[in-house]
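Chain residues, written in single-letter form:
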Amino acid sequence: MSQSVQLELLHGRGAHTDPSACIVDLSADQAAKSIAGFPHTIAQLVFHMNYWMDYELRRIRGQRRPYPQHSAESFPPSPFAVDEEEWSRLKEKFAALLSNFAELSKSPPEELNRQIESAHPGDTKLAGTLEAVIWQMVAHNSYHTGQVVVIRRAQGAWPPPTGSDAW
């Protein structure tokens, strides 16, 4: 797929709701509110997406960080109480990390085809090109953005003021 498609999906288009628009208007209370039957709050999901975007950006830059042994290590502890200041920081980091991936998606073909070292020895599924890593982030964020939408719907807070599909 083309670079423009990657860029559009990072920021949302069509079935891929804009991840930033899904959280920008929420208060810290809404973001930290637990919903029965859901394992995570919106704040925890944003923390998790930030964790993996930051992790992958560092990997792209050649910085090795320990790969978590369990998914739970990429989520904050539960319960995860955030005040307005912390929630603002999480949202700002989220927007900045998305922006970093958007810039990377505009890279020339030779850079997009650059091999990125796997996260840890023996894990070949995480090896691949820069383009493959970007696509993985698009898919990962799309999945969790869908969870954010479901939680917002359960809270009666969907669609966001900027609008989105509500059917």
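Our subject is the structure that appears above.
Here the structure is a predicted model, which is why all the values come from computation and not from measurement. Starting afresh in each chain, residues are numbered from 1 along the sequence in its written order. pLDDT decides what is reported in this predicted model: residues at 70 or higher carry local features, side-chain atom pairs at 80 or more are listed and counted, and totals for whole chains, interfaces and linings draw on all residues regardless. Heavy atoms throughout the structure, all of them, feed into the side-chain values; hydrogens and water do not.

## Some details on the pattern of salt bridges
Alright, step 1. Any carboxyl oxygen of Asp or Glu within 4 Å of a side-chain nitrogen of Lys or Arg constitutes a salt bridge here. On inspection of all chains with the given rule, the structure shows 9 salt bridges.
Alright, step 2. Across the pair glutamate 111 and arginine 114 runs a salt bridge whose closest N-O atoms are separated by 3.0 Å.
Alright, step 3. A cluster of three or more residues bridged by salt bridges with shared partners is formed by Asp54, Arg58 and Arg65.

## Focus: the packing of helix 3 (residues 42–60) against helix 6 (residues 130–155)
Alright, step 1. At a minimum axis separation of 10 Å, helix 3 and helix 6 run at an interaxial angle of 175°. Considering their axes alone, helix 3 and helix 6 lie roughly antiparallel with respect to each other. In this structure, helix 3 uses Ile42, Leu45, His48, Met49, Trp52, Met53, Glu56, Arg59 and Ile60 to contact helix 6, whose residues at the interface are Leu130, Val133, Met137, His140, Asn141, His144, Thr145, Gln147, Val148, Ile151, Arg152 and Gln155.
Alright, step 2. Ten residues, namely Ala, Val, Leu, Ile, Met, Phe, Trp, Tyr, Cys and Pro, are considered nonpolar, four, namely Asp, Glu, Lys and Arg, are considered charged, and the remaining ones, Gly among them, are considered polar. Grouping the constituent residues of the contact of helix 3 with helix 6 by class yields 11 nonpolar, 7 polar and 3 charged. In this description, a line fitted to the C-alpha atoms serves as the axis of each element, helices being fitted only across the stretch in contact, and the angle between N-to-C directions of two axes falls anywhere from 0 to 180 degrees. Here a helix means four or more residues in a row that DSSP labels H or I, a strand means two or more in a row labelled E, and each is numbered from the N terminus. These descriptions rest on fixed angle ranges, namely under 35 degrees for roughly parallel, over 145 for roughly antiparallel, 65 to 115 for roughly perpendicular, and the rest for oblique. Note on contacts: a residue pair qualifies if any of its non-hydrogen atoms lie within 4.5 Å across the two residues.

## Description of helix 4 (residues 84–105)
Since the α-helix packs 3.6 residues into each turn, any two residues three or four apart lie on the same face.
Alright, step 1. Taking 1.5 Å per residue, 22 residues should reach 32 Å; helix 4 reaches 31 Å between its end C-alpha atoms and fits that length.
Alright, step 2. Inspection of helix 4 places Trp87, Leu90, Lys91, Phe94, Leu97, Leu98, Phe101, Ala102, Leu104 and Ser105 among the buried residues, and these make up the whole buried set. Along the axis of helix 4, the buried residues cluster in a sector spanning 160°; they form a single face. Exposed residues pointing more than 90 degrees away from the buried face of helix 4 are listed as Glu85 and Glu92.
Alright, step 3. Two to three positions downstream of the cap, the backbone nitrogen of glutamate 85 sits 3.2 Å from a side-chain oxygen, assigning the N-cap of helix 4 to aspartate 83. The length a helix should cover is 1.5 Å for every residue beyond the first. Buried, partly exposed and exposed residues are distinguished by accessible area as a fraction of the type maximum, computed with a 1.4 Å probe on protein chains only: under 20%, between the cut-offs, and over 50%, respectively. The arc under discussion is defined with respect to the helix axis, by the directions toward the C-beta atoms. Polar contacts here mean pairs of N or O atoms no more than 3.5 Å apart (in protein, one a potential hydrogen donor and the other a potential acceptor; neighbouring residues in sequence count only if both atoms are side-chain atoms).

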